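Single-letter residue listing:
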Amino acid sequence: MQIVAYGLPRLGEKRQYKSLLERFWAGKLAEADFLVGMESLEKERLSTYATYAEVYPATELSFYDSMLDLSVSVGLIPNRFQPYQGLSSYFQMARGAQALEMTKWFNTNYHYLVPEWEDTIVPQAAPEVFLQKYNIAQVNGFRGAIPSLIGPYTFLRLAKHAGHPLSVEQMEIYGEKLLPAYRQLLFALSQAGASAFLIHEPAFVLDDPIVPLIGYLYHGLAEFPLYILTYYESVDFYNRLVELPVRGIGLDFVSNTANKEALLQYGFPEDKVLIAGVIDGRNVWRADITAKAKEVEGLLSRVRTLWIAPSAPLSFLPLTKAPEKKIPQPVWERLSFAKEKLAELHLLKRYITGDATAKVEAEATAALWQGEPMGFHEPTRKRVSALTDADFRRDVPYHERVRLQNAELNLPLLPTTTIGSFPQTEDIRALRKAYREGQLPESEYKARIREKIAEVVRYQEQLGLDVLVHGEFERSDMVEFFAERLAGFAITEQGWVLSYGSRVYRAPIIYGEVWRPEPMTVEEIAYAQSLTSKPVKGMLTGPVTILNWSYAPPNKSKEEVAYQIALAIQDEVKDLEKAGIKVIQIDEPAFREGAPLKQRDWAEYFRWAVRAFRLAARALPRTQIHSHMCYSEFESILQHIWEMDFDVVSIEASRSKGTLVEEFKRFPQWDRQIGLGVYDIHSPAIPSVEAMASVIDAARKVLPDQLIWVNPDCGLKTRRWEEVTPALRNMVQAAQAARQVVKA
Ligand code: GLN
Ligand code: ZN
């Protein structure tokens, strides 16, 4: 039995990866020094792997993204980057003015660079990127290290042509063109000494696998010794998959039981290696090693050669829990980040193979999960189990609520508002940091935040906005802010994970029952409201987003956790109402992206996700509930969005506005107010009055005036004041002009 490991985070123990990239981009590090730095980071990673595993990736340390590495290595370089000149072109493709499109990698929070086909491109191998990295492993004698590449099928399924995903026909045509280049690439690595390859094919788990194309590609690669890795889900074409002419196949046995059922039913070919993904690569909890051993033994009854592996790349876990000092001991003990996952694999192997020293250790991991669960809170459990259908409904239907709300708020037609945050300038960040590090007493910090709130309220009044916000200056992150204030969450100090490029984030860890010990936002929102006669919109993050952007607790359904968070948010809604707040926005940017990879699981996800939102939003009839969504395509889920039963929604649709408007035509039951995002906040360009007027016009063609709001498409925190002020001034002007058209 061997251990296969992959996906060890590239960030490095001291976040060297980030600083190397950023110093290089800023011109503070010469290319040669950058390469030396990356090489030593790679050596550190390889020796971590070598400590625990027999087989691990040699070419994994991408300088930006593995999909980009493959694009440049098979010559898929769009014309605008020609002639391709090494690293500078590589980073132009990654982050230049006309960079490749970036989008979410499967159901993770990582973003990859989308391969871009142009008709004129003839793929050709350019193996330098891979050879250079393979060389690091070889020169340093890492014998278990084999080249690791994204597979050709995943590459094609995630590629685009002229902004659209490839049709099956296009995939076939481009597959034929890609194959020779891919072969050349593997051939060059073979020549350099590679005796096997790890080929990542997570797209094998997607709906509607194009089995003939997969067969074509892998028969074309049959001469190479390949180990295919699939992960994030089970595969839907098990029988055909195990017939592919490859040496080994990796399957995910953690995300659900379908792979295991298929294997037990149909068996596994004797001439291939099963790489059993049994240690959870997606979540942060330690495994019960004795239970895992039983599982592996069950598989062994049907498999001749079995190696063990994580169920998915470890890249979306923090590197190690070792430096965490503030996490409660019982939680810390049960945590397992990427490095600890490697140690778990090692222990599992020793235990299965009868190593006497492993027994005590393995049994201790079983004991970890006996006894009272972490962060147990009886009242919260009871509260969730007592929920009835009535708890997921507002007392009064929308068409009656809207009358009460209009009477309460007295807003003009086409009301204007923003999404919540205003520019987070250096001084704000410095302020929060000083407070966090104890250099600024709480009273002083709060006073400074109040000043900021007062300024931004005055600012919005002067601009003539109709529904104001408090600006979110006290929040560094919309999920972390709430996680810090809710029971049942742990926050890491060093648990950074790459989001894309050199960008990192820390996801909170939910370990116990989630409940709200005390109000979280009332002080700031009520203060803002006290300064103005216009309505101030209370700003909360929704339960689905908080859950999707955190690590979920062990042994609990997501549905139950979502309801616990929802109840905590509902408590906050009620306190905001008591404090006189009449408009409350519950942000759900991650609502769509939390949907499972397979369409057949969507109905179940949206069932509880919609209910969680409704539970959180169970406000008084006269309270106007807003939601906000972004970063996703919403066309296919309008029905579920509507079922959330908010009063107003703002949707980011800058890139797909046209189609979204079309979609409303086909959804006649839509009766809620909506702000379509009249300008794209992701661009520093200042939108003209005319451009925004035309968005308002387009919306008016399909929706009645009474339903239309005017707002930017997302929060303004990443923009500068010099951009925000003229943009909002123009926006208010566009709304005012549009109102005149009605009167005339
Ligand atoms: N209210 C949040 C903000 O304005 C929403 C952020 C988001 O949609 N991602 O920053
Ligand atoms: Zn947004």
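Position labels on residues start from 1 in each chain and follow its written sequence. Each chain gets a letter, beginning with A, and each ligand a number, beginning with 1, in the order they are written. Restriction of local features to residues with pLDDT of at least 70 applies here, the model being predicted, together with a cutoff of 80 or more for giving and counting side-chain atom pairs; totals for whole chains, interfaces and linings are based on all residues. The basis for every side-chain value is the complete set of heavy atoms in the structure, and neither hydrogens nor water enter the calculation.

### A closer look at the packing of aromatic side chains
To keep it simple, the criterion reads: Pairing of aromatic rings covers Phe, Tyr and Trp, the last through its six-membered ring, and needs centres within 6.5 Å; plane angles under 30 degrees mean stacked, over 60 mean edge-to-face, and all others mean tilted. Summary of the burial criterion: residues with accessible area below 20% of their type's maximum are buried, those above 50% are exposed, and those between are partly exposed, where the area comes from a 1.4 Å probe applied to protein chains only. Put simply, DSSP marks the helices as runs of H or I at least four residues long and the strands as runs of E at least two long, and each gets a number from the N terminus on. We call a charge positioned over a ring when the NZ of a Lys or the CZ of an Arg lies within 6 Å of the ring centre and within 35 degrees of the ring normal.
This structure, assessed with the given rule, holds 37 aromatic pairs. Both rings, one in Y231 and one in Y232, keep their centres 4.7 Å apart while their planes meet at 85°; by these two values the pair is edge-to-face. Exposure class is identical for Y231 and Y232. Each is buried. Centroid distance F392 to Y563: 5.1 Å. Interplanar angle 55°. Geometry classified as tilted. Residue F392 is found in the loop between α15 (378–385) and α16 (398–409), and its partner Y563 is found in helix α22 (residues 558–578); the two are separated by 171 residues along the sequence. For the residue pair F392 and Y563, the accessibility class agrees, reading buried in each case. Among the aromatic residues, ring-to-ring pairing joins F24, W25, F34, F63, Y64, Y90 and F91 into one connected group. Seen from the ring of W25, R95 lies directly overhead, with NZ or CZ sitting 3.7 Å from the centre. Sitting over the face of the ring of W369, R334 holds its NZ or CZ atom 5.8 Å from the ring centroid.

### Notes on the site of ligand 1
For clarity, the threshold we go by: A molecule or strand has a residue near it when one of that residue's heavy atoms lies within 4 Å. Polar contact is the term for a pair of N or O atoms within 3.5 Å; when the atoms are in protein, one must be able to donate a hydrogen and the other to accept it, and sequence-neighboring residues count only if both atoms are side-chain atoms. Using a 1.4 Å probe, the Shrake-Rupley method yields the accessible areas, and only the shown protein chains count as cover for residues. Amino acid classes used here: Ala, Val, Leu, Ile, Met, Phe, Trp, Tyr, Cys and Pro are nonpolar; Asp, Glu, Lys and Arg are charged; the rest, including Gly, are polar.
Around ligand 1, a shell composed of 13 residues is seen, among which S421, E472, D587, H628 and G715 lie nearest. Between an oxygen atom of ligand 1 and a side-chain N or O atom of S421, the distance comes to 2.7 Å. E472 is positioned with one of its side-chain polar atoms (N or O) 2.8 Å from a nitrogen atom of ligand 1. Out of a free accessible area of 300 Å², ligand 1 has 95% covered by protein chains. Split by residue class, the shell around ligand 1 holds 7 nonpolar, 4 polar and 2 charged.

### Some words on the sheet that holds strand β18 (residues 537–541)
Applicable threshold: Strands were regarded as paired on the criterion that DSSP finds at least two bridges between them.
With respect to topology, 6 strands assemble into an open sheet ordered β18-β19-β20-β21-β22-β23, the strand pairing being parallel. The open sheet has two free edges, formed respectively by β18 and β23 (708–709), since each of these has just one partner strand. Strand direction decides the pairing type here: strand β20 (residues 624–629) and strand β21 (residues 648–651), joined by 4 bridges, are parallel. Across the sheet, the residue bridging to H628 is S650, located in β21.

### Focus: the coordination of the zinc ion (ligand 2)
We count it as follows: Ligating atoms shown are N, O and S within 2.8 Å of the metal, or 3.2 Å for Na, K and Ca, and water is not included, meaning a site may look less than complete. Here a site with four donors is tetrahedral if all angles are between 85 and 135 degrees, and a site with four or six donors is square planar or octahedral if opposite donors are over 155 degrees apart and the other angles are between 65 and 115; anything else gets the irregular label.
Distances from the zinc ion (ligand 2) to its protein donors, namely H628 (NE2), C630 (SG) and C714 (SG), fall within the range 2.1 to 2.3 Å. Metal-centred angles of 89 to 126° between the 4 donor atoms at the zinc ion (ligand 2) mark the site as tetrahedral. Judged by its relative accessible area of 3%, H628 is buried.

### Considering helix α3 (residues 66–73)
Threshold: The criterion used for residue contact is that any of the two residues' heavy atoms lie within 4.5 Å.
Most of α3 sits inside the fold, with 7 of its 8 residues counted as buried. Three or more residues of α3 are buried, namely M67, L68, D69, L70, S71, V72 and S73. Turning to α3, the residues buried within the fold contact α4 (86–95), β3 (111–113), α5 (128–139), β6 (148–150), α6 (152–157) and α7 (168–191). Residue D65 occupies the N-cap position of α3, its side-chain oxygen lying 3.3 Å from the main-chain nitrogen of M67. Phi turns positive one or two residues past the end of α3, at G75, with a value near 75°.

### Here's the deal with empty space enclosed by the protein
Sizing a probe to match a water molecule and rolling it over the atoms shows the empty space that remains. Rules: Computed over the protein atoms alone on a 1 Å grid, cavities are sets of points where a 1.4 Å probe fits but cannot get out and pockets are open sets with protein on both sides within 12 Å along at least five of seven lines; a residue lines them when it has an atom within 4 Å of a point. Grid points are joined across faces, edges and corners, and a volume is the space filled by probe spheres set on the points.
Counted under the stated rule, the structure contains 4 cavities of 30 Å³ or more. If you go around the largest cavity, you meet 29 residues; those closest to its centre are R10, E60, S66, P313 and S315. Of all elements in the fold, only α3, β6 and β15 (496–500) reach the threshold of two or more residues within the lining of the largest cavity. In terms of residue class, the lining of the largest cavity is made up of 18 nonpolar, 6 polar and 5 charged.

### Comments concerning the sheet that holds strand β7 (residues 160–161)
Strand order in this open sheet of 3 strands is β4-β7-β8, and the pairing throughout is mixed. Every other strand in the sheet has two partners, leaving β4 (116–117) and β8 (164–165) as the edge strands with one partner each. Sheet topology note: the β4/β7 ladder contains 2 bridges and is parallel. Residue pairing for β7: W117 is matched across the bridge by H161.

### A word on the pairing of strand β16 (residues 503–506)
Pairing of β15 with β16, which is carried by 4 bridges, proceeds in the antiparallel orientation. The residue bridging Y500 from the neighbouring strand is R503, located in β16. Two successive antiparallel strands, β15 and β16, enclose a turn made up of 2 residues, where G501 displays a positive phi of approximately 50°.

### Concerning the nonpolar core
Threshold: Here, nonpolar core refers to any group of buried Ala, Val, Leu, Ile, Met, Phe, Trp, Tyr and Cys residues whose side-chain atoms link them within 4.5 Å.
In this structure, W105, L149, F204 and Y218 are the most contacted members of the largest nonpolar core, which totals 124 residues. Here this core takes 9 residues from α7, the largest share from any one element. Once residues within four sequence positions are removed from consideration, W105 is found in contact with M67, Y110, H111, Y112, I150, T154, L158, P202, Y232 and F316. Within the second largest apolar cluster, 112 residues are counted, among which are V384, V457, L465 and I525.

### Details of unusual backbone geometry
Cis geometry marks the peptide bond from Q82 to P83; its omega dihedral reads -10°. Looking at the element boundaries, P83 is found in the loop between α3 and α4. The backbone of F106 shows a phi angle near 50°, a positive value even though the residue is not glycine. With respect to the secondary-structure elements, F106 resides in the loop between β2 (102–104) and β3. What makes F106 buried here is its relative accessible area of 13%. With a phi close to 55°, N555 is a non-glycine residue in the positive phi region. For N555, a relative accessible area of 73% corresponds to the exposed category.

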